[in-house]
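# Chain and residue survey
Read off the chains here:
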Amino acid sequence: MLSFLKVFLHKEGLTVSQNNVYRNFNLLLVIALSDLVVIGFSLKDIQPNWPFKICVAEFICYVVLMLFHVRGYMIFARYSTFLISLLVQVTACITHGKTAGFDYVFYAIGLLPMLFFQRPGYYTSLFMISIVTMLAIQYAYLFIEPV
């Protein structure tokens, strides 16, 4: 357990700055996983159960991506985490509609990658994907009725 915690917080061969980003991203995923556990428990008895299944699928994806991140596939894991977050956010927006306010989270998802990528191309592309998705959702609200 202690060795996993050491690998989880510090990776050999990275600079101090890179290790800080590495540790912070892992901690962000732990917070996201904790949030999903709480949400999962609140959704487990609600019918239909597809929201619970989405929550479980997102939990599994984040665990797999954390393993990728710890094993050294950091860019892939980070980028994929934000893309999955956007996908789940789109699902929430379409399901709950405009009045639920889920579309405001696209700004946070668009800006948060600046903390985890050194190359501007990565966080700029995620920001653009997030903003275009948010605008597309605003357009989709005209045609899609919330569930």
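Let me sum up the structure you'll find in this document. Every chain begins its residue count from 1, and numbering advances along the sequence as written. Whole-chain, interface and lining totals are the exception, using all residues; otherwise, since this is a predicted model, local features are given only for residues with pLDDT of at least 70 and side-chain atom pairs are given and counted only at 80 or more. Think of the side-chain values as coming from all heavy atoms in the structure, minus any hydrogens and water.

### Here we look at the side chain of Lys-11
- Looking at where Lys-11 falls in the secondary structure, it is placed in the loop between helix 1 (2-9) and helix 2 (16-43).
- Each residue gets one of three labels from its accessible area relative to the maximum for its type: buried under 20%, exposed over 50%, partly exposed in between, using a 1.4 Å probe on protein chains only. We score Asp and Glu as negative and Lys and Arg as positive, and we do not count His or the chain ends. Whenever Lys or Arg places a side-chain nitrogen within 4 Å of a carboxyl oxygen from Asp or Glu, that contact is recorded as a salt bridge. The charged side chain of Lys-11 is buried without a salt bridge, its nearest counter-charge being Glu-12 at 9.5 Å.
- In this description, contact between two residues means that some pair of their heavy atoms is separated by no more than 4.5 Å. With near-sequence residues (within four places) excluded, Lys-11 lies in contact with Asn-19, Tyr-22, Val-70, Arg-71, Gly-72 and Met-74. In this text, helices come from DSSP runs of H or I with a minimum length of four residues, and strands from runs of E with a minimum of two, each type numbered from the N-terminal end.

### What to know about the nonpolar core
- Definition used in this section: a nonpolar core is a set of buried Ala, Val, Leu, Ile, Met, Phe, Trp, Tyr and Cys residues joined via side-chain atoms within 4.5 Å. Ranked by size, the top nonpolar core spans 26 residues in total, and within it Met-66, Phe-82, Phe-106, Phe-116, Phe-117 and Ile-137 carry the most contacts.
- Looking at this core, the elements with two or more residues in it are helix 2, helix 3 (50-70), helix 4 (74-96), helix 5 (105-111) and helix 6 (120-140).
- In terms of residues, this core owes the most to one element, helix 2, which gives seven residues.
- Apart from the residues within four sequence positions on either side, Met-66 is in contact with Phe-8, Asn-26, Leu-29, Val-30 and Leu-33.

### Quick look at helix 4
- Counted at 1.5 Å a residue, the expected span for helix 4 with its 23 residues is 33 Å, and the 33 Å between its end C-alpha atoms agrees.
- The first or second residue beyond helix 4 is Gly-97, which carries a positive phi of 85°. One less than the residue count of a helix, multiplied by 1.5 Å, gives the span that helix is expected to have.

### Points about the side chain of Asn-26
- By the element assignment, Asn-26 lies in helix 2.
- Polar contact is the term for a pair of N or O atoms within 3.5 Å; when the atoms are in protein, one must be able to donate a hydrogen and the other to accept it, and sequence-neighboring residues count only if both atoms are side-chain atoms. Within polar-contact distance, the side chain of Asn-26 engages the side chain of His-69 at 2.8 Å.

### Overview of a nonpolar patch on the surface
- What makes a patch is a set of residues exposed beyond 30% relative accessible area and free of salt bridges, joined within 9 Å when like-charged and within 5 Å when nonpolar (Val, Leu, Ile, Met, Phe, Trp, Tyr). In these tables, accessible area is a Shrake-Rupley quantity obtained with a 1.4 Å probe, and a residue counts as shielded only by the protein chains included in the view. Together, Val-56, Ile-60, Val-64, Phe-68, Tyr-73 and Phe-76 make up an exposed nonpolar region whose accessible area comes to about 540 Å².
- Ranked by the residues each element gives to the nonpolar patch, the list is headed by helix 3, at four residues.

### As for the packing of aromatic side chains
- Pairing of aromatic rings covers Phe, Tyr and Trp, the last counted by its six-membered ring, and requires centre-to-centre distances within 6.5 Å; plane angles under 30 degrees mean stacked, over 60 mean edge-to-face, and any other angle means tilted. For the structure shown, the criterion picks out 10 aromatic pairs.
- Aromatic pair Phe-68 and Tyr-73: ring centres 5.7 Å apart, planes at 75°, arrangement edge-to-face.
- The partly exposed category is assigned to Phe-68, whose relative accessible area is 33%.
- Seen from their ring centres, Phe-117 and Tyr-122 are 5.4 Å apart, and the 40° between their planes marks the pair as tilted.
- Among the residues examined, Tyr-122 registers a relative accessible area of 24% and is labelled partly exposed.

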